[in-house]
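The lines below spell out each chain.
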Amino acid sequence: MFGIGGGELVFILFIVLMLFGSDKVPEIARTMGKAMAQLKNATNDIKSEIQKGAEANGLDSKSLNSLTGNINAEINNAKSNLLGDTTNLLGDTATEIDKVKEDIDSISGPVKRQR
């Protein structure tokens, strides 16, 4: 929670209790709760106003989803065109590595592991 550990949180609560006293802490908590509820309501109102404005300008959620879907399809198409067929890349690399290992073994002999 915001990079604050349990001990630090207890310390902060202790300082708040010492500064404001035990009779003021519930009032402060209620006030903070009401403020958070008002903030939540305000953000929901802003979201609904933005949604209404978008719908008034002809941008509904379906058209936005189709627009983003088209953009995603174009990105995937461009990605596939840039990368090309990469399915055999690892297979070819593995066979080349095996060939090099065989060449090294034929030159120096098999490697004996020490125990």
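Residues numbered from 1 in each chain as written. Predicted model: local features only at pLDDT ≥ 70, side-chain atom pairs only at ≥ 80, totals over all residues. Heavy atoms only, no water.

Bringing the overall build of the protein chain into the picture now. Each helix and strand counted, the protein chain has four helices and zero strands in total. Starting at the N terminus and ending at the C terminus, the protein chain contains elements arranged as α-α-α-α. Relative to its 115 residues, the protein chain shows a buried fraction of 2%. Working note: accessible area of the protein chain is about 10,700 Å², and carbon and sulfur atoms make up 62% of it. (Helix = DSSP H or I, 4+ residues; strand = E, 2+ residues; numbered from the N terminus. Buried < 20%, exposed > 50% of the residue type's maximum accessible area, 1.4 Å probe, protein only. Areas by Shrake-Rupley, 256 points an atom, 1.4 Å probe, with all protein chains shown as cover.)

Now for the UniProt feature "transmembrane region" (unreviewed entry) in the protein chain. Mapped onto this numbering, the UniProt entry gives "transmembrane region" (unreviewed entry) at residues 6-22. Taken end to end, residues 6-22 is 88% helix and 0% strand, and its first and last C-alpha atoms sit 21 Å apart. (UniProt positions renumbered as here; feature names shortened; annotations may be inferred.)

Right, let's get into helix α1 (residues 6-20). Here α1 is 15 residues long and its end C-alpha atoms lie 21 Å apart, about the 21 Å a rise of 1.5 Å per residue gives. Trailing α1 by a residue or two, G21 shows a phi angle of about 85°, which is positive. (Expected span 1.5 Å × (residues − 1).)

Moving on: the layout of surface pockets. As a volume, the largest pocket reaches approximately 150 Å³. Considering the residues around the largest pocket, the lining is formed by L13, V16, V25, I28, A29 and M32. At the level of secondary structure, the elements contributing two or more residues to the lining of the largest pocket comprise α1 and α2 (25-56). Of the residues assigned to the lining of the largest pocket, the class counts are six nonpolar, no polar and no charged. (1 Å grid on protein atoms, 1.4 Å probe; cavity = no way out; pocket = protein on both sides within 12 Å on 5 of 7 lines; lining within 4 Å. Points joined across faces, edges and corners; volume = space filled by probe spheres on them. Nonpolar A, V, L, I, M, F, W, Y, C, P; charged D, E, K, R; others polar.)

This next bit is on α2. An ideal rise of 1.5 Å per residue puts 46 Å on 32 residues; α2 measures up with 46 Å between its terminal C-alpha atoms. Looking at the residues trailing α2, positive phi occurs at G58, about 85°.

In this section: a nonpolar patch on the surface. On the surface, I4, L9, F11, I12, L13, F14, I15, M18, L19 and F20 cluster together to form a nonpolar patch covering roughly 990 Å² of accessible area. Tracing the backbone through its elements, the reader meets M18 in helix α1. (Patch = residues over 30% accessible without salt bridge, like charges linked within 9 Å, V, L, I, M, F, W, Y side chains within 5 Å. Salt bridge = Lys/Arg side-chain N within 4 Å of Asp/Glu carboxyl O.)

Right, let's talk about a negative patch on the surface for a bit. A cluster of like negative charges, contributed by D98, E102, D103 and D105, occupies part of the molecular surface. Residue placement: D103 occurs in helix α4 (residues 89-108). A relative accessible area of 46% places D103 in the partly exposed class. (Lys, Arg positive; Asp, Glu negative; His and termini not counted. Charge placed at Lys NZ, Arg CZ, Asp CG, Glu CD.)

What follows concerns the confidence of the model for the protein chain. Confidence in the prediction of the protein chain, expressed as mean pLDDT, is 79, and 77% of residues score 70 or more. At the level of individual helices and strands, the protein chain shows its lowest average pLDDT in helix α3 (residues 61-83), which scores 74, and its highest in α2, which scores 89. (pLDDT = per-residue confidence, 0-100.)

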